[in-house]
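Read off the chains here:
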Amino acid sequence: MLRQGSRLLSRSVTAASSKSATARAFSTELPSTIDSTFVESWKKVAPNMDPPQTPSSFMKPRPSTASSIPTKLTVNFVLPYASELSEKEVDMVIIPATTGQMGVLPGHVPTIAELKPGIMSVHEGTDIKKYFVSSGFAFLHANSVADIIAVEAVPLENIDAGQVQKGLAEFTQKLASATTDLEKAEAQIGVEVHSAMNAALSG
């Protein structure tokens with residue numbers, strides 16, 4: 001009897017889940033609605049204050065997805081203090097994701113990728129522009145738009161190989177002599193970033 005009850009419960013949960021999955025729409029696909037009953041009740045309690053807004057009030061609809069894959073990828077590449085690329089149409093971008101190097105072409109599946117220290121290359125025909133990025137995120141949209149946000153970035157040709165070697169040696173020494181967790185963490189970050197720059201210049 002216990003087994004039969006478990007089967008019935010499992011069956012009902014599965015049916016409810018499937019019904020919910022098929023009927024539920026994404027929040028960004030729902031029309032913006034205002035609960036008139038709530039607004040009326042709010043005005044009675046606080047007539048001089050506007051009703052509070054919910055998160056859905058600030059959400060924008062998803063960008064429309066093209067019926068066919070575009071021939072170009074639109075890239076926005078920004079830093080906290082500058083915009084490196086704005087609506088730049090390119091053939092491909094290769095980003096240093098934490099999961100490995102990721103090639104992004106037009107029509108790429110929507111993805112959010114965390115960036116690690118490494119090379120980001122922008123391919124436009126035979127022209128390839130390379131940047132060294134420290135960290136950040138890449139937001140790849142269904143409409144073949146890539147928004148790339150980096151904490152710090154510099155064109156690869158602007159990096160001084162001698163300074164990189166010097167910095168790597170200094171942080172390696174700091175890591176070896178660190179006595180606190182904070183000192184070890186700061187030195188480790190320095191070693192990882194300078195090692196990635198060294199590898200980028202060597203490659």
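For the structure, check the block above.
Residues numbered from 1 in each chain as written. Predicted model: local features only at pLDDT ≥ 70, side-chain atom pairs only at ≥ 80, totals over all residues. Heavy atoms only, no water.

By the element assignment, Asn 76 lies in strand S1 (residues 73-79). In terms of polar contacts, Asn 76 uses its side chain to reach the side chain of Asp 147, at 2.8 Å. (Helix = DSSP H or I, 4+ residues; strand = E, 2+ residues; numbered from the N terminus. Polar contact = N/O pair within 3.5 Å; in protein donor to acceptor, adjacent residues only side chain to side chain.)

On to the pairing of strand S6 (residues 118-124), then. Of all seven residues making up S6, five are buried, and the element is well covered by its neighbours. Bridging between strand S3 (residues 92-97) and S6 involves three bridges; their strand directions are antiparallel. Its bridge partner being in S6, Met 92 is matched across the sheet by His 123. The pairing of S6 with strand S7 (residues 127-133) spans seven bridges and is classified as antiparallel. Its bridge partner lying in S7, Gly 118 is registered against Val 133. The hairpin formed by S6 and S7 contains two residues between the paired strands, and Gly 125 there has a positive phi angle of roughly 65 degrees. (Buried < 20%, exposed > 50% of the residue type's maximum accessible area, 1.4 Å probe, protein only. Pairing = 2+ DSSP bridges.)

Generally speaking, a soluble globular protein has its nonpolar side chains buried in company with each other. Core analysis: the biggest nonpolar cluster contains 23 residues, and Val 75, Phe 77, Val 93, Ile 95, Met 120 and Ile 148 have the highest contact counts within it. The dominant element in this core, judged by the number of residues it contributes, is S1, at four residues. Those residues in contact with Ile 95, other than ones at most four positions away along the chain, are Gly 100, Gln 101, Met 102, Val 104, Ala 113, Leu 115, Ile 119, Met 120, Ala 138 and Ile 148. If you look at the next biggest cluster of nonpolar residues, it comprises seven residues, including Phe 132, Val 164, Ala 196 and Met 197. (Core = buried A, V, L, I, M, F, W, Y, C linked by side-chain atoms within 4.5 Å. Contact = heavy atoms within 4.5 Å.)

Peptide bonds are trans in most cases, and residues, glycine excluded, mostly fall at negative phi. Positive phi values are uncommon outside glycine, yet Glu 87 reaches one of about 50 degrees. Tracing the chain through its elements places Glu 87 in strand S2 (residues 82-90). The backbone of Ser 144 shows a phi angle near 65 degrees, a positive value even though the residue is not glycine. Ser 144 gets classed as buried once you look at its relative accessible area, which sits at 3%.

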